[in-house]
Structure formats: C-alpha cells, structure tokens
Amino acid sequence: MNDKLVFLGLLYFVQGIPYGLQSSLLPVYLRGAGHSLTRIGFTKVLYFPWVLKVLWAPLVDRIGTKRRWLVATVSGLALTCLASSALAPEMHIWGVAGTLLAMNTLASVQDIAVDGAAVGLLKGRGELGLGNTAQVVGYKAGSVFAGGGLLAVIDVAGWSWMFMLLTFVYAGVALFVWGATVLDEEPMRGQQADCSKRAGHGTDALMPWRVWRKLLAVPGTAWTVLYVLTYKLGEQGAVTMFPLFLLDNHMTARELGFWNGVIAMGFSICGSSLGGLLLAQFSIGALMRRVFVLRTVSMVFQSSLLTVLEPSPLMKGMAVLSMSVQHFLGGLITTLTFTTMMHCTQRAEESIQATHYSFLATLEVLGKLTFSALAGGVVDWFGFQAAFFLFLTLSAGTALHVYTATFTGALREHQLKEQPK
C-alpha cells in the first residue's frame with residue numbers, strides 16, 4: 001500500500017506544478033514586469049485544456065497502457081520546461097504563454113492516466129480514502145512548491161534556472177514511473193477493461209446522444225450543474241486579485257511567495273483534509289450551510305482591507321490572516337463540492353456514472369476558469385473596491401443558493417441518503 005501512495009502522491013505532486021506556476025507565480029511576476037491586470041487575468045484561458053480533457057479521455061483508456069501515457073506526458077512536461085528556460089517573460093510573453101498551454105495540455109492528459117491507474121490500484125474503502133488523501137495533498141503540495149517556493153527564490157535564481165530545476169524534477173519522475181513495479185500488472189487489466197467496454201457499450205458509442213439524455217435526466221443534475229458553474233465565482237475573483245492588490249500596495253513578490261504561495265496554501269490543504277473528517281460526523285447539508293456563510297463573512301473582512309493603502313505590519317498581518325482563512329474555507333468547500341457531485345452521480349445508473357461524474361468535473365473547471373479570466377479586466381475597469389463588491393455579491397448569492405437547496409432542493413438530507421447499494 002505504501003508503494004501505491006508514494007506512486008500516486010508523486011504523480012499528483014508534479015501534476016500540481018503547472019497550476020502553481022500559473023495561479024501564484026506568473027501573475028506576481030507579470031505584475032512586477034508592468035503588465036495590466038486584464039492581460040494577467042486572460043492568462044487563465046491557458047487552463048482551457050482541462051475543460052477539453054473529457055474529449056480525449058476515451059483515447060487514453062483504449063490506446064496503449066497507463067504507464068506509457070504517464071511516461072510520455074511527464075517526459076513532455078520536462079521538455080516543455082526546458083524550452084521555457086530559454087525564454088524571458090518580459091520579452092517573449094507569447095512564447096511563455098505557449099509553453100504554459102502545452103504544460104496544461106500535458107498535465108490534463110496525465111490526470112486522466114493517473115486517475116485511471118488509481119482506480120485499478122486502490123482496493124477497498126481504506127485504500128480509497130488514503131489514495132484520495134494522497135491525491136489532494138500531493139496536488140496542492142506541487143502547487144505550493146511551484147507557486148510559493150519558487151516565487152520566493154526567483155529573484156535570486158532567475159527564470160531560466162527555475163525552469164531548469166523543474167526539467168530535472170520531471171525527468172526524474174518519468175524515470176521513476178518507467179521502473180515502478182506497482183504498474184506491472186496494468187497492461188493485462190487494461191486489455192480486459194477494453195474488451196468489456198467494447199462488448200457492453202457499443203450501442204451508446206454509436207449513438208452518444210442517448211448517453212447525454214440519460215445524464216441530464218439524473219435527479220439533481222440540473223441544480224448541481226448550476227452549482228458547480230457558480231460556487232467559486234466570488235471566491236476565485238478574490239483569491240486571484242487580492243495578492244495583486246497587496247503587490248501594488250503592501251508586499252514584495254518574495255513576501256507574497258511565502259505568505260500566499262506557501263502559508264495560505266498550507267491552510268487550503270488543511271481545509272481539504274478537514275472536510276473529509278467532518279463529513280464522517282455531520283450531514284453535508286448542515287456543513288455546506290455553515291461553511292458558505294463563513295466564506296461570505298471572510299470576504300466581507302477581506303474587502304474591508306482594500307480601504308487601507310498605507311503599508312504597516314498590522315495591515316500585513318490582517319492580509320495574511322484574510323488569505324489564510326479564505327484558502328482554508330476554499331479547501332473545505334472543494335471537498336464538500338466533490339462529495340456533492342458524487343452524491344448526484346450515485347443517483348445515475350451504473351453504466352453512465354463515470355461519464356456523469358466527468359461531465360460535472362469538467363463544468364466545475366469551466367466555471368472557475370471563465371471568471372478567473374475576466375476578474376483582471378473587472379478590476380482594471382472598475383477598481384479593486386467595486387470589483388470586490390461584485391465578488392462579495394456573487395459569494396452571497398451562492399450561499400443563498402446552497403442554503404435554499406438544503407431545505408427544498410437537491411441537498412435535502414433524505415434525498416442524499418437515497419443512494420443505490
């Protein structure tokens with residue numbers, strides 16, 4: 001079991017690196033180089049391959065083995081980082097954008113392969129729980145490493161040396177995967193699964209509209225679709241723009257790398273881990289009501305800090321507290337959200353459950369990316385104060401949406417208990 005956890009944790013770690021680079025390091029680096037918030041916001045469009053991964057997931061399932069897909073994608077990430085080391089963001093912004101787009105594409109394919117490997121490797125409730133913990137912690141640790149650790153040293157090491165380091169990290173992981181013994185039985189299992197798919201789902205493959213009709217007919221799907229598209233709107237705008245406000249007024253890039261990229265992300269990991277523990281003790285409806293109200297209150301506090309423009313130790317302390325609380329609640333909400341998605345998927349018939357969950361997961365990514373790409377433009381047009389009032393309004397609206405559903409909609413407790421056995 002330990003070999004499986006190390007294997008999965010390491011793969012999810014390197015999968016989180018592109019997210020950390022783009023969400024934490026790149027915005028601060030570009031802002032320091034004088035780029036507008038609108039341009040920085042539009043870099044979120046580079047995450048788009050994650051929205052499209054549902055289109056090439058069948059290719060990963062049916063061609064080759066998981067080991068080959070993992071070695072190919074991780075090796076590709078190493079080569080992409082090597083190419084990035086030869087670029088300067090100040091002079092080659094489009095080249096940097098192209099390499100980040102390639103990294104997101106490769107990481108999204110890697111995600112399909114490693115998820116498929118995890119399904120085959122993890123057996124029983126105990127292994128599933130530990131495996132999913134390795135997924136969350138590994139991914140966020142990779143994000144912290146790239147977005148916080150590297151940002152803290154980029155002024156000393158420089159852009160080129162930073163990406164050379166990542167090249168060696170990815171190359172080492174590719175060699176590790178190639179020799180990993182945990183996948184030794186994977187080719188035979190993959191062939192059996194492929195034969196089963198061809199035998200059982202040939203009709204649906206020829207007529208995919210039947211599957212989509214079944215997906216939308218699953219009870220609670222309409223509410224869940226709206227929820228996953230909107231639940232992060234206000235939070236995502238605040239998490240993206242507040243560090244840039246601090247960079248303009250209160251903190252250096254190195255300070256932000258430590259406080260926002262390391263400490264705050266550490267709180268996010270704690271929130272994600274706590275979510276699983278709380279779900280074993282309390283109902284999901286009661287938890288979601290309280291946590292969404294707390295998130296709205298935390299955004300009121302964070303928005304109030306925008307009125308303080310003079311740098312001071314007290315302001316920095318309040319800013320760090322605000323970011324930490326926001327990331328903690330965000331991590332907790334993410335765990336609750338994926339549990340809600342799974343509850344909805346469990347109402348579907350078994351033959352379409354995997355497709356149903358992938359459909360919801362793709363929309364969850366799409367909802368976050370769309371608003372992240374627009375948040376910088378909103379701030380450039382209306383200013384930080386007006387933009388954060390919009391973020392706060394969106395957050396409060398989502399809290400109301402969730403609060404209502406726990407009493408009269410898809411999150412009613414008796415509905416969540418009606419699951420197929």
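Please read these numbers as outputs of a predicted model, since none were measured by experiment.

### Examining the overall build of the protein chain
What the protein chain contains, in helices and strands, is 17 helices and 0 strands. By residue count, 49% of the 421 residues in the protein chain fall in the buried class. Across the protein chain, contacts joining residues at least 24 apart in sequence account for 85% of those joining residues at least 6 apart. Per element, the accessible surface of the protein chain, about 19,100 Å² overall, is 69% carbon and sulfur.

### Comments concerning the packing of aromatic side chains
The final tally for this structure, using the stated rule, is 10 aromatic pairs. Taken together through their ring pairs, the aromatic side chains of Phe242, Phe245, Phe384, Phe388 and Phe391 make up a single cluster.

### Observations regarding the nonpolar core
Ranked by internal contacts, the top residues of the largest apolar core, which has 71 residues, are Phe7, Leu21, Tyr170, Phe242, Leu246 and Phe391. Taken together, the elements giving at least two residues each to this core come down to helix H1 (2–32), helix H4 (66–84), helix H5 (93–121), helix H7 (159–179), helix H12 (233–249), helix H13 (253–279), helix H15 (313–345) and helix H16 (353–408). By residue number, the principal contributor to this core is H5, which donates 12 residues. The contacts of Tyr170, once residues within four sequence positions are left out, are Val14, Ile17, Pro18, Val74, Leu77, Ala78, Cys81 and Met103.

### Structural notes on the side chain of Thr398
Topologically, Thr398 is positioned in helix H16. Residue classification places Thr398 among the buried residues on the basis of a relative accessible area of 5%. Beyond its immediate sequence surroundings of up to four residues, Thr398 is in contact with Thr230, Tyr231, Phe292 and Arg295.

### Description of the packing of helix H14 (residues 284–304) against H15
Where H14 meets H15, the axes come as close as 10 Å, and the angle between the chain directions of the two elements is 155 degrees. Considered as vectors, H14 and H15 are oriented roughly antiparallel to each other. For the pair H14 and H15, the sense of crossing is left-handed. Here the residues of the contact of H14 with H15 sort into 16 nonpolar, 7 polar and 1 charged.

### Some thoughts on the environment of Gly266
Relative to the assigned elements, Gly266 resides in helix H13. The exposure class assigned to Gly266 is partly exposed, which follows from its relative accessible area of 26%.

### Here we look at a nonpolar patch on the surface
A cluster of nonpolar side chains, contributed by Phe42, Val45, Phe48, Leu52, Leu55 and Leu374, occupies part of the molecular surface with about 560 Å² of accessible area. Of note, Phe48 is situated in the loop between helix H2 (37–42) and helix H3 (49–62).

### Here we look at the pattern of salt bridges
Overall, the coordinates contain 3 salt bridges when judged by the stated rule. When salt bridges that share partners are traced, they join Lys232, Glu235 and Arg295 into one network.

### Digging into the packing of H4 against H7
Where H4 contacts H7, the two axes come as close as 8 Å, and the packing angle between them is 165 degrees. For the element pair H4 / H7, the angle class is roughly antiparallel. The handedness of the crossing between H4 and H7 comes out as left-handed. Across from Arg67, Leu70, Val71, Val74, Ser75, Leu77, Ala78, Cys81, Leu82 and Ser84 in H4, the residues of H7 making contact are Trp159, Phe163, Met164, Leu166, Thr167, Tyr170, Ala171, Val173, Ala174, Val177, Trp178 and Gly179. When grouped by side-chain class, the residues that make up the contact of H4 with H7 number 17 nonpolar, 4 polar and 1 charged.

### Describing the environment of Ser312
In this fold, Ser312 is placed in the loop between H14 and H15. Measuring from C-alpha to C-alpha, the distance between Ser312 and Met251 comes to 9.9 Å, with 61 residues separating the pair along the chain.

### What about the side chain of His327?
Position of His327 relative to the elements: it lies in helix H15. Polar side-chain contacts of His327 include one of 2.9 Å to the backbone oxygen of Met323. His327 has contacts with Val239, Asn260, Ala264, Met265, Phe267 and Ser268, leaving out every residue within four places of it along the chain.

### Some thoughts on H12
Counted at 1.5 Å a residue, the expected span for H12 with its 17 residues is 24 Å, and the 24 Å between its end C-alpha atoms agrees. Of all the bends in H12, the greatest reaches close to 25 degrees and is centred on Met241; the proline Pro243 follows between one and four positions later. The buried fraction of H12 amounts to 14 of the 17 residues, a majority that puts the element mostly inside the structure.

### Some details on the confidence of the model for the protein chain
Residue-level pLDDT values for the protein chain average 77, and 77% of them are 70 or greater. Of the regions scoring below 50 in pLDDT, residues 188–208 engages in 10 contacts with residues more than four places distant in sequence or in other chains.

Procedures and definitions
- Residues numbered from 1 in each chain as written.
- Predicted model: local features only at pLDDT ≥ 70, side-chain atom pairs only at ≥ 80, totals over all residues.
- Heavy atoms only, no water.
- Helix = DSSP H or I, 4+ residues; strand = E, 2+ residues; numbered from the N terminus.
- Buried < 20%, exposed > 50% of the residue type's maximum accessible area, 1.4 Å probe, protein only.
- Contact = heavy atoms within 4.5 Å.
- Areas by Shrake-Rupley, 256 points an atom, 1.4 Å probe, with all protein chains shown as cover.
- Phe/Tyr/Trp six-rings, centres within 6.5 Å; stacked < 30°, edge-to-face > 60°.
- Core = buried A, V, L, I, M, F, W, Y, C linked by side-chain atoms within 4.5 Å.
- Axes fitted to C-alpha atoms, helices over the stretch in contact; angles between N-to-C directions.
- Parallel < 35°, antiparallel > 145°, perpendicular 65-115°, else oblique.
- Left-handed = near helix turned anticlockwise from the far one by under 90°.
- Nonpolar A, V, L, I, M, F, W, Y, C, P; charged D, E, K, R; others polar.
- Patch = residues over 30% accessible without salt bridge, like charges linked within 9 Å, V, L, I, M, F, W, Y side chains within 5 Å.
- Salt bridge = Lys/Arg side-chain N within 4 Å of Asp/Glu carboxyl O.
- Polar contact = N/O pair within 3.5 Å; in protein donor to acceptor, adjacent residues only side chain to side chain.
- Expected span 1.5 Å × (residues − 1).
- Bend = angle between axes of the 7 residues up to and from the residue.
- pLDDT = per-residue confidence, 0-100.

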